[in-house]
Amino acid sequence: MDFLGPGTAPSGAPYWRELMKHQGTSPFNLNTTYAVYRSVKDYGAKGDGVTDDSTAFNLAISDGGRCGGGGNCQSSTTTGAVVYVPRGVYLLKKAITPYYMTQLLGDARDPPTLLADESFRDMAVIDADPYIPGGGGAQWFTNQNNFYRTVKNFIIDVRRVPASLSQGTGIHWQVAQATSLQNIKFYMSEDLDTAHQGIWMENGSGGFMSDLTFYGGKFGMWVGNQQFTVQNVTMKNCKTAVFGIWNWGWTFQGISINNCGVGFDLLTGGTTSATQSVGSETIIDAVVNDTPYFVRSSNTNNKHLSGSLVLINAQLNNVSVAVSAINQTKPLLAGTSGSMNIAAWGQGNVYKGSSPSFEYMQGDIEIPRISESLLDGDGRIFSKGRPQYEDYSLDQIVSAKDNGAKGDGKTDDTKALQTLLNESANRKIIFLDAGVYLITKTLLIPAGTRLTGEVWSTISATGSYFANQENPQVVVRVGEEGSQGVVEITDILFSTKGAAPGAILVEWNVRDPEGTPAGAGMWDTHFRCVPLSAGTELGPKECPPKKGNAKACTSVFLSLHITEKATAYLEQVVTHLSMSDVLSIDHTLDEDGVSQLEIYAGRGVLSQSLGPVWMLGTSEHHVIYQYRLVDAKNHYLGLVQTESPYHQPKPAVPYPFSLSEAFADPEYPDDLKSAWSFSVARSENIVVLGAGFYSFFKNYVNSCSHDKVACQSQITDIDGESSIQLFSVSTVGVQYPISVNQKGVALRKDNINGFAETVTAWTSS
């Protein structure tokens, strides 16, 4: 029985995170007084709507020798910070510039307003990657490596900035993975000459954003990025809701467009790396009202691929043109002055089964067979925003550090954490204060647990218990086998300290309570299976590239195992390399921030669940596979993004691991020496709506992803027994983007779509 009940915070009370005893630490920061939590009011911010609070904000962000400011620091895991903003109206004459690994957090009960002054002339109110003045285009951070940052719970108002100035921009968000925007409202000018923008993004490799509302402006979102997932967004009175300049693949799930000039305005037609434009756009569960154009592209071709588009379950009301291109005299899909529903419409190459032939479509395509268990009452894909517990009072929260856990990166916290988890299930919300919590045995998170961290509080496995890949052991077990109940895990990192080749980071057994979809899930929680940060004992000295130091540098057997009876809602859950979450090779996030490493993580995500399972996240650089579905049912994935290990095929898969029949490892054809990105066997009702499966390197050399010589032969494999539908699958450096029974089906040369290749749709039958 769940004794926690609803939140009891009284009306007018501040958010409980403001009231907590702030004892989070960064154990490997040499400054022992370093403060993880800091409130802008402690640095002089007034929040009275009159005083310029810009300086106070940026002092709160930069204090403590943090990573940013345009100097030599590209990244750091030892200087994470929560910059808290209490309720109020904060006048800003200069941009807020978050440093690396910053969580900019507003009061979730009464979000504060960031009010741009009429004199504001910086790039954006929040600038996540500032351009360096006089730097010839140089910025603080490398856009593809600008990881670990969030902005939550704000109202951003730029209406005082003259309407004709584009400096009336809410957020400059040029970011990479493990980044998110949540619960933000943007207010912009609605004047005819408005140049205001909600989000401006010119580059990067993201990312996730959800629960955003845009009012007015020339552009709600002006965006270009390799890939992104956008969920639950509302646009009102924007000239253009979404203006896309380039991508390899974006997925929009649950977008409402109201009284705008254009819904999606896309620069398209680029079919080479040099002319890259919007490569793939997937729009799911859209509602468009009183908007002349739903989707308008700049250029399309009636005979061959020049930009992929997939529309699923779009409800249009008084929309004159559903799909059009400026270079075409007639609409590709007419609209209506009344109401219409687009069940499934696509532009691009469509494949079926094992046939290598395809049809180029600009019309209706096969409707995704999404299990009812994955849908809400309105027939849309179910979604559940990241829990923030804003209605709960302080006496409903318990702190790990108040209950015996140290989180100092050296004390064994297994017993303290297990005791706290056992006592708090169904009774309290556990706050895992910022820190690194070492565990030496399996930790059970029982059904009924609500666990939330602070700047990605880390649970790290260490010791001989996790050392044997022939006898792998679970680090964190979520629910006993067959258990049922609420489990909510947010803002946590699962990791290892030192080599742990027998570690299964998370085994997920718990099932949703009856009638509570997505009752068991993880949000903004990541797997740093190959830790590339301070205190991990897996750095450039121990694990340099091309040395093959497998004994010291083999990190994880398996990152996440979802078992047969479990259900799981995974949103912004990253198990990947570039930001140092589960990789086989990449770079350190500390020291110089750029040195490459050669570290081996075995397997990414293995799901044997009968569902429902929702996955919105990435899984990169594991040696054997990134995603493996075996005897699975009722899964939805979108957008998922992977990269193959940079060292492969030398040494070849599965080195330094052995293939395991007990863990249903896949087979490999003779011509494949690199990891599968997506491997499916004997599975049913699996739907992927947006994917990026990339192979950039061959033995650390990336020329194979830029020319006609592929980095690997195959990357996605579906067996002949499975029932699955893939939509908007973009690949890089792969000869056959789609394979059936380990034989290539779709050819790279037939699906060139800029730098990447895109298969618009492939269905198993």
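The structure this text deals with has already been given above.
Here the structure is a predicted model, which means the values were calculated and not measured. (Residues numbered from 1 in each chain as written. Predicted model: local features only at pLDDT ≥ 70, side-chain atom pairs only at ≥ 80, totals over all residues. Heavy atoms only, no water.)

J.: Could you clarify how one ought to interpret the overall build of the chain in this entry?
T.: Looking only at helices and strands, the chain features 4 helices and 51 strands. Taken over the C-alpha atoms alone, the chain extends approximately 70 × 70 × 55 Å along its principal axes. Within the chain, buried positions represent 66% of all 765 residues. Within the chain, counting contacts between residues at least 6 apart in sequence, those at least 24 apart form 71% of the total. (Helix = DSSP H or I, 4+ residues; strand = E, 2+ residues; numbered from the N terminus. Buried < 20%, exposed > 50% of the residue type's maximum accessible area, 1.4 Å probe, protein only. Contact = heavy atoms within 4.5 Å.)

J.: Can you help me understand unusual backbone geometry in this one?
T.: Trans is the common state for peptide bonds, and a negative phi is the common state for residues other than glycine. A cis geometry characterises the amide bond from Gly206 onward to Gly207, with omega recorded as 5 degrees. The topology assignment puts Gly207 in the loop between β11 (197–201) and β12 (208–215). Omega for the bond connecting Val653 with Pro654 falls within 30 degrees of zero, at 10 degrees, which places this linkage in the cis form. By the secondary structure assignment, Pro654 is in the loop between β41 (640–643) and β42 (676–681). One non-glycine residue with positive phi stands out, namely Asp491, at about 60 degrees. For Asp491, the location among the structural elements is in strand β30 (residues 487–496).

J.: Help me understand the pattern of salt bridges, please; the structure alone is not making it clear to me.
T.: Should their charged atoms come close, side chains of opposite charge can pair. One pass over the structure, following the stated rule, counts 16 salt bridges. Across the pair Arg87 and Asp107 runs a salt bridge whose closest N-O atoms are separated by 3.2 Å. Of this pair, Arg87 sits in the loop between β3 (81–85) and β4 (89–92) while Asp107 sits in the loop between β5 (102–106) and β6 (113–116), and the two are 20 residues apart along the sequence. According to the relative accessible area criterion, Arg87 is partly exposed, its value standing at 26%. Assessed through its relative accessible area of 0%, Asp107 is described here as buried. Linked by salt bridges that have partners in common, Arg87, Asp107 and Asp110 make up one network. (Salt bridge = Lys/Arg side-chain N within 4 Å of Asp/Glu carboxyl O.)

J.: Just checking my understanding: could you explain the packing of aromatic side chains for this structure?
T.: Ring pairs (aromatic) are described by centroid distance and by the angle formed between their planes. Counted under the stated rule, the structure contains 35 aromatic pairs. Measuring from centroid to centroid gives 5.6 Å for Trp16 and Phe431, while their planes differ by 80 degrees, and the two rings are edge-to-face. Taken together, the residues span a long stretch of sequence, with Trp16 in helix α1 (residues 16–19) and Phe431 in strand β25 (residues 429–431) at a distance of 415 residues. Relative accessible area serves as the criterion here: at 1%, Trp16 is assigned to the buried category. Owing to a relative accessible area of 4%, Phe431 belongs among the buried residues under this scheme. When the ring of Tyr389 is compared with that of Tyr392, the centres are 6.0 Å apart and the planes differ by 80 degrees; the resulting orientation is edge-to-face. Pairwise contacts between aromatic rings join Phe228, Trp250, Phe252, Phe264 and Phe294 into one cluster. (Phe/Tyr/Trp six-rings, centres within 6.5 Å; stacked < 30°, edge-to-face > 60°.)

J.: Please clarify how the state of the cysteines should be interpreted in this entry.
T.: Two cysteines joined by a covalent bond between their sulfur atoms form a disulfide. Inspection of the entire model under this criterion finds 3 disulfides. The residue that forms a disulfide with Cys543 is Cys553, at a sulfur-sulfur distance of 2.0 Å. Between Cys543 and Cys553, the S-S dihedral sits near -95 degrees, and the bridge is therefore left-handed. On the criterion of sequence distance, the pair formed by Cys543 in the loop between β32 (520–528) and α4 (550–553) and Cys553 in helix α4 is long-range, its members being 10 residues apart. (Disulfide = S-S within 2.5 Å.)

J.: What is the right way to look at the side chain of Lys384 in this model?
T.: Examined against the element boundaries, Lys384 turns out to sit in the loop between β22 (359–364) and β23 (397–399). A polar contact is formed between the side chain of Lys384 and the side chain of Glu488, at a distance of 2.9 Å. Leave out the neighbours within four places in its chain, and Lys384 touches Glu488, Ala518, Gly519, Trp523, Tyr569 and Glu571. (Polar contact = N/O pair within 3.5 Å; in protein donor to acceptor, adjacent residues only side chain to side chain.)

J.: Explanation requested: the nonpolar core in the structure shown.
T.: Nonpolar side chains in soluble globular proteins tend to be buried together. Trp173, Ile199, Met221 and Phe294 are the most contacted members of the largest nonpolar core, which totals 100 residues. In terms of residues, this core owes the most to one element, strand β20 (residues 308–325), which gives 7 residues. Leu443, Ala503, Leu570 and Phe678 belong to the second-largest nonpolar core, a separate cluster that totals 69 residues. (Core = buried A, V, L, I, M, F, W, Y, C linked by side-chain atoms within 4.5 Å.)

J.: I'm lost on the sheet that holds strand β37 (residues 600–607) in this one. Help?
T.: Whenever strands of a sheet pair, they do so through backbone hydrogen bonds, lying parallel or antiparallel. The 10 strands lie next to each other as β27-β29-β31-β33-β37-β39-β42-β45-β48-β49, forming an open sheet whose pairing is mixed. Of all strands in the sheet, those with a lone pairing partner are β27 (443–445) and β49 (743–746), marking the two edges. Going from strand to strand, the sheet's axes swing by 20 degrees on average, the running direction of each strand aside. Bridge count between strand β39 (residues 625–630) and β42: 5 bridges; the pairing is parallel. Across the sheet, residue Leu629 finds its bridge partner in β42, namely Val680. (Pairing = 2+ DSSP bridges. Axes fitted to C-alpha atoms, helices over the stretch in contact; angles between N-to-C directions.)

J.: Explain the pairing of strand β10 (residues 179–187) here, please?
T.: Side-chain direction in a regular strand flips from residue to residue, so the side chains alternate between the two faces of the sheet. Relative to β10, strand β8 (residues 149–157) runs parallel, the two being bridged by 8 bridges. Directly across from Ile155, in β10, lies its bridge partner Lys185. Both β10 and β12 contribute to a ladder of 7 bridges, which runs parallel. Among the inter-strand pairings, Ile184 is bridged to a residue of β12, identified as Leu212.

J.: What am I meant to see in helix α2 (residues 54–62) here?
T.: Because each turn of an α-helix spans 3.6 residues, side chains separated by three or four positions in sequence point in the same direction. Ser54, Ala56, Phe57, Asn58, Ala60 and Ile61 are the residues of α2 that are buried. Taken together, the buried residues of α2 touch β1 (37–39), β2 (48–52), β3, β4 and β6. The positive-phi residue at the C-terminal boundary of α2 is Gly64, with phi of around 100 degrees.

J.: What am I meant to see in the side chain of Glu454 here?
T.: Position of Glu454 among the secondary structure elements: in strand β28 (residues 449–461). Lacking a salt bridge, the buried Glu454 has Arg17 as its closest oppositely charged neighbour, with an N-O distance of 5.8 Å. In terms of polar contacts, Glu454 uses its side chain to reach the backbone amide nitrogen of Ala434, at 2.9 Å. Not counting chain neighbours up to four residues away, the residues in contact with Glu454 comprise Gly24, Val36, Tyr37, Val82, Gln103, Phe431, Leu432, Asp433, Ala434 and Asp491. (Lys, Arg positive; Asp, Glu negative; His and termini not counted.)

J.: What should I look at first to understand the environment of Ser728 in this one?
T.: Counting through the fold element by element, Ser728 comes out in strand β46 (residues 724–732). The spatial distance from the C-alpha of Ser728 to the C-alpha of Val350 is 10.0 Å, given a sequence separation of 378 residues. Residues within four places of Ser728 in sequence aside, it is in contact with Ser280, Thr282, Val310, Gly690, Ala691, Val759 and Thr760.

J.: Just to check I follow, could you spell out the pairing of strand β21 (residues 333–352) for this structure?
T.: Alignment of β20 against β21, held across 11 bridges, turns out to be antiparallel. Bridge pairing in β21 places Leu311 opposite Trp345. Taken together, the 6 bridges between β21 and β22 define a ladder with antiparallel strand orientation. The residue of β22 that forms the bridge with Val350 is Glu359. Where β21 folds back on β22, the antiparallel hairpin that results is connected by 6 residues, among which Gly353 adopts a positive phi of roughly 55 degrees. As paired elements, β21 and strand β51 (residues 756–763) share 3 bridges and run parallel to each other. In the strand pairing of β51, Val350 is matched with Ala761.

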